[in-house]
Protein chains: 2
Amino acid sequence: MFFVRGVAASFVLASAVVPLAIAQKHVDKVPSYYGAQPATEDIDLTMYSRIREEGLKHSHVMEFGGALSDGIGPRLTGSPNMAKANAWTRDTLTKIGLENAHLEDWGEFGMGWQQINTWARMVGPDPEPLWCQAAPWSPSTKGPVTGELVYIDPATADAAKLKGTMTGKIVLLGAMRPTPDITEPLFKRYTDAELKEMESYPTAGGRPGAPNIQQLMADRVRMQAQRAALLKVVLADNPAAIIQPSRDSGGGGGTGVIFDDNGANLSRNAQSREGAVNVPSAVMMIEHYNRLARLITNHVPVSVEINIETKFTGDHEHGFDTVAEIPGTDPKLKNEVVMVGGHLDSWISGTGATDNGAGSIVAMEAVRILKALNVPMRRTIRIALWSGEEEGLFGSGGYVKQHFGTFNDPPSDPNVPAFLRAHGPLTTTKEWETLDAYYNLDNGTGKVRGVYTQENWAIGPIFKQWIAPLADLGVSTISYRNTGGTDHLSYDAVGLPGFQFIQDPMDYETRTHHSDMDTYDRLHQADLEQAAVVEAIFLYNTSQREAMMPRKPFPHPETDKARSAAIEGIYPGAVK
Amino acid sequence: MFFVRGVAASFVLASAVVPLAIAQKHVDKVPSYYGAQPATEDIDLTMYSRIREEGLKHSHVMEFGGALSDGIGPRLTGSPNMAKANAWTRDTLTKIGLENAHLEDWGEFGMGWQQINTWARMVGPDPEPLWCQAAPWSPSTKGPVTGELVYIDPATADAAKLKGTMTGKIVLLGAMRPTPDITEPLFKRYTDAELKEMESYPTAGGRPGAPNIQQLMADRVRMQAQRAALLKVVLADNPAAIIQPSRDSGGGGGTGVIFDDNGANLSRNAQSREGAVNVPSAVMMIEHYNRLARLITNHVPVSVEINIETKFTGDHEHGFDTVAEIPGTDPKLKNEVVMVGGHLDSWISGTGATDNGAGSIVAMEAVRILKALNVPMRRTIRIALWSGEEEGLFGSGGYVKQHFGTFNDPPSDPNVPAFLRAHGPLTTTKEWETLDAYYNLDNGTGKVRGVYTQENWAIGPIFKQWIAPLADLGVSTISYRNTGGTDHLSYDAVGLPGFQFIQDPMDYETRTHHSDMDTYDRLHQADLEQAAVVEAIFLYNTSQREAMMPRKPFPHPETDKARSAAIEGIYPGAVK
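Residues numbered from 1 in each chain as written. Chains lettered and ligands numbered in written order. Predicted model: local features only at pLDDT ≥ 70, side-chain atom pairs only at ≥ 80, totals over all residues. Heavy atoms only, no water.

### Structural notes on the overall build of chain A
Here's step 1: Secondary structure assignment for chain A yields 16 helices and 16 strands.
Here's step 2: Across the 576 residues that make up chain A, the buried fraction comes to 59%.
Here's step 3: Long-range contacts, defined here as pairs at least 24 residues apart, represent 85% of the contacts in chain A between residues at least 6 apart.
Here's step 4: Total accessible area on chain A stands at roughly 21700 Å², and carbon and sulfur atoms take up 56% of it. (Helix = DSSP H or I, 4+ residues; strand = E, 2+ residues; numbered from the N terminus. Buried < 20%, exposed > 50% of the residue type's maximum accessible area, 1.4 Å probe, protein only. Contact = heavy atoms within 4.5 Å. Areas by Shrake-Rupley, 256 points an atom, 1.4 Å probe, with all protein chains shown as cover.)

### Remarks on the confidence of the model for chain A
Here's step 1: On average, chain A scores 91 in pLDDT, and the residues at 70 or more come to 90%.
Here's step 2: Across the predicted assembly, pTM comes out at 0.93 and ipTM at 0.92. (pLDDT = per-residue confidence, 0-100.)

### Thoughts on the packing of helix α9 (residues 353–373) of chain B against helix α14 (residues 525–544) of chain B
Residue and element names in this part refer to chain B.
Here's step 1: At their nearest, the axes of α9 and α14 sit 8 Å apart, and the two run at 55 degrees to each other. Of the possible angle classes, the one that applies to α9 and α14 is oblique. Note on packing geometry: the crossing formed by α9 with α14 is right-handed. Contacts between α9 and α14 involve Ala-358, Ile-361, Val-362, Ala-363, Glu-365, Ala-366, Val-367, Ile-369 and Leu-370 on the former and, on the latter, Leu-528, Ala-531, Ala-532, Val-533, Glu-535, Ala-536, Leu-539 and Tyr-540.
Here's step 2: Broken down by class, the residue content of the contact of α9 with α14 amounts to 15 nonpolar, no polar and 2 charged. (Axes fitted to C-alpha atoms, helices over the stretch in contact; angles between N-to-C directions. Parallel < 35°, antiparallel > 145°, perpendicular 65-115°, else oblique. Left-handed = near helix turned anticlockwise from the far one by under 90°. Nonpolar A, V, L, I, M, F, W, Y, C, P; charged D, E, K, R; others polar.)

### Comments concerning the nonpolar core
Here's step 1: Within the largest apolar cluster, 64 residues are counted, with the highest numbers of intra-cluster contacts made by Ile51(B), Leu93(B), Ile383(B), Tyr439(B) and Phe463(B).
Here's step 2: With 11 residues, α9(B) is the largest single contributor of residues to this core.
Here's step 3: Once residues within four sequence positions are removed from consideration, Ile51(B) is found in contact with Ile369(B), Leu370(B), Leu373(B), Val533(B), Ala536(B), Ile537(B) and Tyr540(B).
Here's step 4: Leu98(A), Ala437(A), Trp466(A) and Leu539(A) belong to the second largest nonpolar core, which has 63 residues in total. (Core = buried A, V, L, I, M, F, W, Y, C linked by side-chain atoms within 4.5 Å.)

### Points about the pattern of salt bridges
Here's step 1: For the structure on display, the rule yields 62 salt bridges over all chains.
Here's step 2: Lys57(A) is paired through a salt bridge with Glu53(A); the nearest N and O atoms lie 3.8 Å apart. Taken together, the residues span about one helical turn, with Lys57(A) and Glu53(A) both in helix α2 (residues 45–57) at a distance of 4 residues.
Here's step 3: Judged by its relative accessible area of 59%, Lys57(A) falls in the exposed class.
Here's step 4: Given a relative accessible area of 41%, Glu53(A) falls into the partly exposed group.
Here's step 5: When the shortest N-O distance is used, the salt bridge between Arg294(B) and Asp70(A) registers 2.5 Å. With Arg294(B) in helix α8 (residues 286–297) and Asp70(A) in helix α3 (residues 61–72), this residue pair bridges two chains.
Here's step 6: Using a relative accessible area of 10% as the deciding quantity, one classes Arg294(B) as buried.
Here's step 7: What emerges from the salt-bridge pattern is a single network uniting Arg189(A), Arg449(A), Asp504(A) and Asp527(A). (Salt bridge = Lys/Arg side-chain N within 4 Å of Asp/Glu carboxyl O.)

### Thoughts on the interface of chain A and chain B
Here's step 1: Facing the 50 residues of chain A at the interface are 50 residues of chain B.
Here's step 2: Across the chain A to chain B interface the summed buried area is about 4200 Å²; carbon plus sulfur atoms make up 48%.
Here's step 3: The tally of links from chain A across to chain B stands at 6 salt bridges.
Here's step 4: Across the salt bridge formed by Arg294(B) and Asp521(A), the nearest N and O atoms sit 3.0 Å from each other.
Here's step 5: Sorting the residues of the side of chain A that touches chain B by element identifies α3, α4 (80–95), β1 (99–124), β2 (128–130), β3 (132–134) and α8 (286–297) of chain A as the ones contributing at least two each.
Here's step 6: Broken down by element, the side of chain A that touches chain B gets its largest block of residues, 7 residues, from β1(A).
Here's step 7: In terms of residue class, the side of chain A that touches chain B is made up of 18 nonpolar, 17 polar and 15 charged. (Buried area = accessible area lost by both parts, 1.4 Å probe.)

### What to know about helix α3 (residues 61–72) of chain B
Residues and elements named next belong to chain B.
Here's step 1: In a regular helix each residue adds 1.5 Å, so 12 residues correspond to 16 Å; α3 covers 16 Å between its end C-alpha atoms and thus fits that length.
Here's step 2: With 9 of 12 residues buried, α3 is to be regarded as a mostly interior element.
Here's step 3: Where α3 is concerned, the buried positions are Val-61, Met-62, Phe-64, Gly-65, Gly-66, Leu-68, Ser-69, Asp-70 and Ile-72.
Here's step 4: The positive-phi residue at the C-terminal boundary of α3 is Gly-73, with phi of around 100 degrees. (Expected span 1.5 Å × (residues − 1).)

### Digging into the domain arrangement of chain A
All names here are of chain A.
Here's step 1: Partitioning chain A into domains gives domain 1 (44–111 + 315–550) and domain 2 (113–203 + 212–311).
Here's step 2: Computed from C-alpha coordinates alone, the two centres of domain 1 and domain 2 are separated by 31 Å.
Here's step 3: On the domain 2 side, the residues contacting the 47 residues of domain 1 number 40 residues.
Here's step 4: Of all residues in domain 1, Met-111, Ile-348 and Arg-481 give up the largest surface area on contact with domain 2, accounting jointly for 19% of the area buried on that side. (Domains from an automatic or database assignment.)

### Here's the deal with the side chain of Ser515(A)
Residue and element names in this part refer to chain A.
Here's step 1: Position of Ser-515 among the secondary structure elements: in the loop between α14 (508–512) and α15 (525–544).
Here's step 2: A distance of 2.9 Å separates a polar side-chain atom of Ser-515 from the backbone nitrogen of Met-517.
Here's step 3: Leave out the neighbours within four places in its chain, and Ser-515 touches Val-257, Ile-258, Phe-259, Ser-349 and Gly-350. (Polar contact = N/O pair within 3.5 Å; in protein donor to acceptor, adjacent residues only side chain to side chain.)

### Digging into the packing of aromatic side chains
Residues and elements named next belong to chain A.
Here's step 1: Considering all chains together, one arrives at 50 aromatic pairs over all chains under this definition.
Here's step 2: Ring centres of Phe-463 and Phe-538 lie 5.1 Å apart, and the angle between their planes is 50 degrees; this geometry places the pair in the tilted category. Placement of the pair is Phe-463 in helix α12 (residues 459–467) and Phe-538 in helix α15, with a sequence separation of 75 residues. As far as burial versus exposure is concerned, Phe-463 and Phe-538 are alike and both buried.
Here's step 3: Here a set of aromatic residues connected by ring pairs shows up, and it is made of Tyr-439, Phe-463, Trp-466, Phe-499, Phe-501 and Phe-538. (Phe/Tyr/Trp six-rings, centres within 6.5 Å; stacked < 30°, edge-to-face > 60°.)

### Quick word on the pairing of strand β1 (residues 99–124) of chain B
All names here are of chain B.
Here's step 1: Of all 26 residues in β1, 19 are buried; the element is thus mostly enclosed.
Here's step 2: Inspection of the sheet shows β1 paired to strand β8 (residues 303–326) by 19 bridges, in the antiparallel sense. Note that in β8 the partner of Asn-117 across the bridge is Glu-309.
Here's step 3: For β1 and strand β2 (residues 128–130), the ladder comprises 3 bridges, and the chain directions are antiparallel. Opposite Met-122, over in β2, you have Glu-128 as the bridge partner. (Pairing = 2+ DSSP bridges.)

### Observations concerning the relation of the copies chain A and chain B
Here's step 1: Mapping chain A onto chain B leaves a residual RMSD of 0.1 Å; the transformation is a rotation of 180 degrees accompanied by 0.0 Å of translation along its axis. Expressed as an axis order, the relation between the two copies is that of a two-fold axis. Judged by C-alpha distance, Pro185(A) is the residue of chain A that lies nearest the rotation axis, at 2.2 Å.
Here's step 2: With an isologous cut-off of 70% or more, the 100% of interface residues of chain A that recur at the interface of chain B puts this contact in the isologous class. (Least-squares fit on C-alpha atoms with pLDDT ≥ 70 in both.)

### Re the packing of helix α2 (residues 45–57) of chain B against α14(B)
The relative placement of two packed helices is expressed as an angle between their axes plus a distance between the axes.
Residues and elements named next belong to chain B.
Here's step 1: Relative to each other, α2 and α14 sit at 150 degrees, their axes nearing to 9 Å. The handedness of the crossing between α2 and α14 is right-handed. Judged by residue contacts, Met-47, Tyr-48, Ile-51, Arg-52, Gly-55 and Leu-56 of α2 engage Glu-529, Gln-530, Val-533, Ala-536, Ile-537, Tyr-540 and Asn-541 from α14.
Here's step 2: Split by residue class, the contact of α2 with α14 holds 8 nonpolar, 3 polar and 2 charged.

### Remarks on a nonpolar patch on the surface
Here's step 1: Side chains of Ile567(A), Ile570(A) and Tyr571(A) sit close together on the surface and give an oily, nonpolar patch of about 390 Å² of accessible area.
Here's step 2: Within the secondary structure, Ile567(A) is located in the segment after α16 (557–566). (Patch = residues over 30% accessible without salt bridge, like charges linked within 9 Å, V, L, I, M, F, W, Y side chains within 5 Å.)

### Description of the side chain of Asn117(A)
Here's step 1: Along the chain, Asn117(A) turns up in strand β1.
Here's step 2: The contacts of Asn117(A), once residues within four sequence positions are left out, are Asn307(A), Ile308(A), Glu309(A), Trp119(B), Arg121(B) and Glu305(B).

### Some points on the environment of Asp518(A)
All names here are of chain A.
Here's step 1: Of note, Asp-518 is situated in the loop between α14 and α15.
Here's step 2: In this structure the C-alpha to C-alpha distance between Asp-518 and Ile-383, which are 135 residues apart in sequence, comes to 24 Å.
Here's step 3: Here Asp-518 is in contact with Gly-350, Thr-351, Gly-352, Ala-353, Thr-354, Asp-355 and Thr-512, once residues within four sequence places are set aside.

Set out below in structure tokens:
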């Protein structure tokens, strides 16, 4: 799941995709995804049983998880580990019997990079090892470097006074912050009441308490501009290194850990030559950062030795998705495709076990289960494991663009994130007509509790019937709401059915998401097995259904205009 | 608070001190501490008010806390930081107006040592920085050393097979372990029900569920012997370094942190030349340790680079306590002494803020309050800040031995911890007769909720009256039970009134106690201010009272024998 600094990605994207103006492509006759849908689903309970048996008693999900998170490690897009993960998933999918396993180039990403070694210690007044790690795409220091510290709280910094004081020094860039006590469990599952609440669709004024996205984004743009201006002053002095504090995650979950997601990068597009920052930078555990900052605030000179050793492994690196198939067997339907996926890439602090190793290995296990059962499936099942998700859904976005459709984007403010810009009409492909549905899982290691329909009203009653036999596994909830933050949005954006499962939250948001705590230890075997079973059943049902899955109505900007014109001047006595 | 590997220190010591046979010294007339005690306390509410005013509105406890934990850092006994802390407390106590501030040598400790820098990283298969730190008294590696890993789970290790496989390698010594989810808050305060429960004194068979200390200690001795035997095999191979996993602390508190207490040392008496281990050793965060161990278990060769840089700063170092006084003013009583303290020393993982910076700064603040009020106090107030507590109450034990009394210990099994050995009669000093009471605070940063009387029945009703005006501050509970694990035991052991306050648990046991999370961030200002006020009031009340505080009856081994003899053969028909 990706994260926009200062704004929870799930809110931003959920709301942002709604107003997209999508022009419907001309089609000769009404396709089944826009046609009438039966009220009753013809599900096969024997297949439910066989999928459960295979998935709950002969699972390989933990072996996949160990090989990916322990065996390969963190998978920053463009890094050697990402290439390893692409190759390993391709080969493993082939090994478990899928066909046409291959890598697909989704476009240019930026620099290849990996962390080799990072350490720091206070030299004085007290020798203390300090936990930190390189910010992604940071250059190396010239071996271990020692420097006096300068502490900058951006809220109170006086750029004019700072100028000229930082050359050769080590800059603590960011405010120290309080570390809340852990007075609530960091790990939790959804209660029945919480799930029940998610089933309701608020019709009056949206979800209560939902943030004002426009305002948040404006704040963000302003904050980034201030940050950039301050950074410019810092960089002009050419300090030896910059250290940032690890961000908070609420409720004490951000204590004792290192988050290294977008917040840890000094610039947007840190992966590009243009966005690169030439001063080595690291992100530090808040307890160590606070101690250094407090010493300085108390007028104690502090010196730190830091060694950041990183390696640039290429430039203009392309990103790749791993794609493989179980071909359909029904001559009439096998050209139609049901997709499942997760993203392989991660940040570097942990080993990306829950974000999104979990979604990747669950998808692998789901297709393994279906392949192992060796039963004919009418439509083709395709697994896609994305990269570039963390930097902005690049892998799935590129895939969707190449296969399904492209927006004609008008020129727009580059400071506004792509997903908030106005869009021109959508041009779709032939494949767009045959993509049935895409299922995604990217909220950590928790078991599936239901599905978000992304405001696809027709699909709710279908899913409801599908999950009824899974009540004992804890799958209960169909929410008509939007959820965001991950790759199903790339499908949803072009009018294709893309869904994200509802998962038990566990300690994903509080602690593991983008932190050094995101390791194999956090993978919950029983949950992942359940999720793979549910996903396999969804794939199977989609594949076997007579009709394709219903799609949301395709909005025409012209229709919207006509809709407005029709009610113009209806107020008696209205003056135009 | 100190910690005995495998046995919660509070249980061990609480029970262990009870059966001590203490021979009462001959005294000419009944001293007030053994005489009749009035049922009503003559407390001075004006002084309560003035102490509160000074302590809650003009506190310096956080400045003390910052200077000690941030400014000096961890304070391992015998280390340069410990010497700094001794000097800083002596000078600060002088500065706030105490008299006769000085350091007292409590005896020989062992080697002086400090950590300079420790870091490790996986070299292959995946370059990853690993969080670890030197085990106390570990020697240095010869600069950064790289070696293949050997993983040893002591439960299944085959020493014969291991022999000869470890030379030049890096040994992971210790089982990997699961990392529990944080499903309960790590931070909590006592509920009213919990405090109520502590007020009851169980008379039938001791506390329910209390462990069998003899059995636990026997298990511990056996475990240590197995551990020592295995270690011998490992050391004989001369590996490049040994890495141990950080221990658990229950409920997920042991995840993502590094505990470096006794469990991190490879030998008992690691601080001594005889106990020293000549192979460099470190303790590692469990998530990183587990990953390394799992890779090996999955047949992936792993190599690690580790740099342990430490410094031995002396041998046969002596330990010192910081002692200072506010002299009494009543000619009749000023030779009597009321003591307060905490221990200054810590382990090295954090900065010893809560263990036991908190107790030290609260005691300093308590005497500062009394001094600032500038009112005459009848008896002399003496603050003592101990060292060597973590290794076995050495500082307070040595002080008590030098000032108050010595046991004539019979020769005993050196494998049995000193506090479990049989004791001969106690020889007391003149000062023993004039030590009124000792108050200790060493359970972290939580506010005072009451006092343990250590089975001193007469003192309960006295304390109850003292705390009645403090109900609004949350002080409510007199528990007649024993509590252990810290320096009041040194007084209790020789028949002197030594007390430990009941404090809100916060996240002390779960997370901060002996870990890298024990930093200034964990200090709770309002709690520490409250604790200092309560402690100052206890000191003041003790100082002003007409009689000295009641002592527990002084058991005579001879009386115990006579007691048994008196009932011999009382069963009708009993055959001797």
